[in-house]
Amino acid sequence: MGLAKRIIPCLDVKDGQTVKGVNFVDLRSAGDPVELGKAYSLAGADELVFLDITASFEGRKTFTEMVGRVARQINIPFTVGGGINELADVERLLMAGADKVSMNSAAILNPTIIEDTARRFGSQVCVVAIDARMEPDGWHCYLKGGRQRTERQLFEWAHEAQERGAGEILFTSMDHDGVKEGYANEALATLADRLSIPIIASGGAGTMQHFRDAFTVGHADAALAASVFHFGQISIAQLKQYLRDEGVCVRTNIA
């Protein structure tokens, strides 16, 4: 059945609180990130992603102290992103307890940071996050938490990131984010077909079937979600049992 598919809750953090919106706007509070991280670790999540969603826009560093507090409460792989601009930022977050770092704006603006991170810490540490929106001339990548459009195209940028040493691609469809109508499975399948590194699906989870489709139609290696977990619409245990019943290989729950 191949490698087990991963279920990854995502903590989008702003001003010390977990938040969630629709299409990257209209944010509402979803609780304390430390408590949520601990709960997801106990519930059988495969990994946890922590994104300081306004760090790049506000020109500051990710809240390192909070990263440390989350890391001390969990026993699953932990990816942190937001405000990473140089190797010192990567080292600081790894020292605080992160297992991987996710870079988006910095990677597009200075692609050599991917190579430098992979060379210094290993490709497995380097996750390149891509926020993209489908437009008349194709999928365009965005910077600074979806605020700034670029001329970079999703598929060519993802391939370049892989060639520069990225260990994974975290692809968020801005059009699908928070809408809960399913992931961008056609784009995911294209990424999976063109790349040899794992693809994490993000943006659009509303039902357990959407996770199944991300794996079976979109060929994603992992599926990331936020609000359906934060607000209790889907439990990780039930989701994993459903996926197993549907023939999708997932890891056994911890609890």
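Before reading on, note that the structure itself is shown above.
In short, a report on the structure. Computed from a prediction, not measured in an experiment: that's the story for all the values here. Sequence order as written defines the numbering, with residues in each chain counted from 1. Only residues with pLDDT of at least 70 are given local features in this predicted model, and only at 80 or more are side-chain atom pairs given and counted; all residues enter the totals for whole chains, interfaces and linings. Computation of side-chain values: all heavy atoms of the structure, hydrogens and water removed.

## Here's the deal with the nonpolar core
Okay, so step 1: The biggest cluster of nonpolar side chains holds 68 residues, and the ones touching the most others in it are Ile-114, Val-128, Ile-169, Phe-171, Phe-211 and Phe-229.
Okay, so step 2: Only heavy atoms enter the contact rule, under which two residues are in contact if any of them lie within 4.5 Å. Setting aside chain neighbours within four positions, we find Phe-229 in contact with Ile-7, Ile-8, Pro-9, Tyr-40, Phe-211, Ile-234, Ile-236 and Leu-239.
Okay, so step 3: The criterion is simple. A nonpolar core is a set of buried Ala, Val, Leu, Ile, Met, Phe, Trp, Tyr and Cys residues joined through side-chain atoms within 4.5 Å. Note on exposure labels: buried denotes an accessible area under 20% of the residue type's maximum, exposed denotes more than 50%, and partly exposed covers the range between, all computed with a 1.4 Å probe on protein chains only. Core analysis: the second largest hydrophobic core is formed by 10 residues, Cys-10, Val-127, Leu-170 and Leu-224 among them.

## Things to note about the packing of helix α4 (residues 87–96) against helix α6 (residues 112–121)
Okay, so step 1: For the pair α4 and α6, the least separation of the axes is 10 Å and the interaxial angle reads 45 degrees. Taken as axis vectors, α4 and α6 run oblique relative to one another. Seen from above, α4 lies across α6 with right-handed handedness. Seen from α4, the contacting residues are Leu-87, Val-90, Glu-91 and Leu-94; seen from α6, they are Asp-116, Thr-117, Arg-120 and Phe-121.
Okay, so step 2: Residues were grouped as follows: Ala, Val, Leu, Ile, Met, Phe, Trp, Tyr, Cys and Pro as nonpolar; Asp, Glu, Lys and Arg as charged; and all remaining residues, including Gly, as polar. Taken together, the residues of the contact of α4 with α6 break down into 4 nonpolar, 1 polar and 3 charged. The angle between two axes is taken between their N-to-C directions and runs from 0 to 180 degrees, where each axis is a line fitted to C-alpha atoms and a helix contributes only its stretch in contact. To qualify as a helix, a DSSP run of H or I must reach at least 4 residues; to qualify as a strand, a run of E must reach at least 2; elements of each kind are numbered from the N terminus. Roughly parallel means an angle under 35 degrees; roughly antiparallel means over 145; roughly perpendicular covers 65 to 115; every other angle is labelled oblique. Handedness of each helix crossing follows the sense of rotation of the near helix against the far helix: counterclockwise by less than a right angle gives left-handed, clockwise gives right-handed.

## Examining the pattern of salt bridges
Okay, so step 1: Just to be clear on terms, a salt bridge is a Lys or Arg side-chain nitrogen sitting within 4 Å of an Asp or Glu carboxyl oxygen. Enumeration according to the criterion identifies 20 salt bridges in this entry.
Okay, so step 2: The salt bridge involving Glu-115 is made with Arg-164; its shortest N-O contact spans 2.3 Å. With a gap of 49 residues between them, Glu-115 in helix α6 and Arg-164 in helix α7 (residues 154–164) connect regions that are remote in the sequence.
Okay, so step 3: With a closest N to O distance of 3.3 Å, Arg-133 and Asp-175 form a salt bridge. Residue Arg-133 is located in strand β7 (residues 126–135), and its partner Asp-175 is located in the loop between β10 (168–173) and α8 (185–194); the two are separated by 42 residues in the primary sequence.
Okay, so step 4: A relative accessible area of 31% means that Asp-175 is categorised as partly exposed.
Okay, so step 5: Through salt bridges with shared partners, a single network forms among Glu-115, Arg-152, Glu-156, Glu-160 and Arg-164.

## Describing the packing of aromatic side chains
Okay, so step 1: We call Phe, Tyr and Trp rings a pair once their centres come within 6.5 Å, taking the six-membered ring for Trp, and we label the pair stacked below 30 degrees between planes, edge-to-face above 60, and tilted otherwise. Enumeration over the complete set of coordinates arrives at 5 aromatic pairs.
Okay, so step 2: Between Phe-50 and Phe-78, the ring centres sit 6.2 Å apart and the planes meet at 90 degrees, which makes this aromatic pair edge-to-face. You can see Phe-50 sitting in strand β4 (residues 48–52) and its partner Phe-78 sitting in strand β5 (residues 78–81), a full 28 residues away along the chain.
Okay, so step 3: Both rings, one in Trp-139 and one in Phe-171, keep their centres 5.4 Å apart while their planes meet at 80 degrees; by these two values the pair is edge-to-face. In this pair, Trp-139 sits in strand β8 (residues 138–143) while Phe-171 sits in strand β10, placing the two residues 32 residues apart along the sequence. There is no split in this pair, since Trp-139 and Phe-171 are both buried.
Okay, so step 4: Above the plane of the ring of Tyr-142 lies Arg-133, whose end atom (NZ or CZ) is 5.5 Å from the centre. Either the NZ atom of lysine or the CZ atom of arginine qualifies as a charge over a ring when it sits within 6 Å of the ring centre and within 35 degrees of the ring normal.

## What about the pairing of β10?
Okay, so step 1: Across the 6 residues of β10, 6 count as buried, placing the element largely inside the fold.
Okay, so step 2: Side chains Glu-168, Leu-170 and Thr-172 of β10 all project onto a buried face; the interleaved residues Ile-169, Phe-171 and Ser-173 project onto the opposite face, where all are buried too.
Okay, so step 3: Paired strands, in this sense, are two strands between which DSSP finds at least two bridges. Relative to β10, β7 is paired through 6 bridges, and the arrangement is parallel. In the sheet register, Ala-132 faces β10, and the bridge partner there is Ser-173.
Okay, so step 4: Relative to strand β11 (residues 199–202), β10 runs parallel, the two sharing 4 bridges. Considered in β11, the bridge of Leu-170 is made with Ile-200.

## Quick word on the environment of Ala-106
Okay, so step 1: With respect to the secondary-structure elements, Ala-106 resides in helix α5 (residues 105–109).
Okay, so step 2: Taking the C-alpha atoms as reference points, Ala-106 and Val-128, 22 residues apart in sequence, are found 9.6 Å from one another.
Okay, so step 3: In contact with Ala-106, not counting residues within four places along its chain, are Ile-84, Asn-85, Pro-111 and Ile-113.

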